[in-house]
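# Analysis of the macromolecular model
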Amino acid sequence: MLRSDLVSRSVVKAVTYRVAIMVLDFITIYLFTKTVKVALGFMIASNIYTTIGYFVHERLWSRIKWGVRETA
């Protein structure tokens, strides 16, 4: 039996990953700039396009059969 992730699983994985990255982005940029407004702006802009990219990447990999074992 071939394993296949649901779209909803990919969405949840993408969202939880992005939340963690958003926190790290904010902290890092804030430490460099000491400006909340700059840190928030960078965090928002960067995480919009990277979330979409991650989701597309995840869905493409869910179609690749290489490295997936069939289980009984």
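See above for the structure.
Reading the values: rules and limits
Residues numbered from 1 in each chain as written. Predicted model: local features only at pLDDT ≥ 70, side-chain atom pairs only at ≥ 80, totals over all residues. Heavy atoms only, no water. Helix = DSSP H or I, 4+ residues; strand = E, 2+ residues; numbered from the N terminus. Rg over C-alpha atoms; globule rule 2.2 N^0.38 Å. Buried < 20%, exposed > 50% of the residue type's maximum accessible area, 1.4 Å probe, protein only. Contact = heavy atoms within 4.5 Å. Areas by Shrake-Rupley, 256 points an atom, 1.4 Å probe, with all protein chains shown as cover. Lys, Arg positive; Asp, Glu negative; His and termini not counted. Charge placed at Lys NZ, Arg CZ, Asp CG, Glu CD. Salt bridge = Lys/Arg side-chain N within 4 Å of Asp/Glu carboxyl O. Expected span 1.5 Å × (residues − 1). Phe/Tyr/Trp six-rings, centres within 6.5 Å; stacked < 30°, edge-to-face > 60°.

### Quick look at the overall build of the chain
- Counting its regular elements, the chain contains two helices and zero strands.
- Its C-alpha atoms give the chain a radius of gyration of 16 Å, more than 25% over the compact-globule value 11 Å for 72 residues.
- Along the longest, intermediate and shortest principal axes, the C-alpha atoms of the chain span 55 × 20 × 15 Å.
- Going through the 72 residues of the chain one by one, you find that 17% of them count as buried.
- In the chain, the proportion of contacts linking residues at least 24 apart, taken out of those at least 6 apart, comes to 60%.
- About 5,800 Å² of surface is accessible on the chain, with carbon and sulfur atoms providing 72% of the total.
- Taking the average place of the 10 positive charges on the side chains of the chain and the average place of its 4 negative ones, the gap between the two points comes to 5 Å.

### Thoughts on the pattern of salt bridges
- Evaluated as defined, the whole model comprises one salt bridge.
- Its salt-bridge partner being Lys13, residue Glu58 comes within 3.1 Å of it at the nearest N-O pair. Here Lys13 lies in helix H1 (residues 7-33) and Glu58 lies in helix H2 (residues 36-62), a separation of 45 residues in the sequence.

### Examining H1
- Taking 1.5 Å per residue, 27 residues should reach 39 Å; H1 reaches 38 Å between its end C-alpha atoms and fits that length.
- Buried residues of H1: Ser10, Ala14, Arg18, Ile21, Asp25 and Ile29, and no others.
- Those residues of H1 hidden inside the fold are in contact with H2.
- Lys34, located one to two residues past H1, shows a positive phi value of around 60°.

### Some thoughts on the environment of Val36
- Looking at where Val36 falls in the secondary structure, it is placed in helix H2.
- Given a relative accessible area of 43%, Val36 falls into the partly exposed group.
- For Val36 and Ile21, which are 15 residues apart along the polypeptide, the C-alpha to C-alpha distance reads 17 Å.
- In this structure Val36 touches Phe26 and Tyr30, once residues within four positions along its chain are discounted.

### Quick notes on the packing of aromatic side chains
- Under the defined criterion, the tally for this structure stands at three aromatic pairs.
- Residues Tyr17 and Tyr54 carry aromatic rings whose centres are separated by 5.2 Å and whose planes lie at 15° to one another, so their mutual orientation is stacked. Here Tyr17, found in helix H1, pairs with Tyr54, found in helix H2; they are 37 residues apart in sequence, far enough to count as distant.
- With 6.0 Å between their ring centres and 10° between their planes, Phe26 and Tyr30 make a pair best called stacked. In this pair, Phe26 and Tyr30 both sit in helix H1, four residues apart, roughly one turn of the helix.

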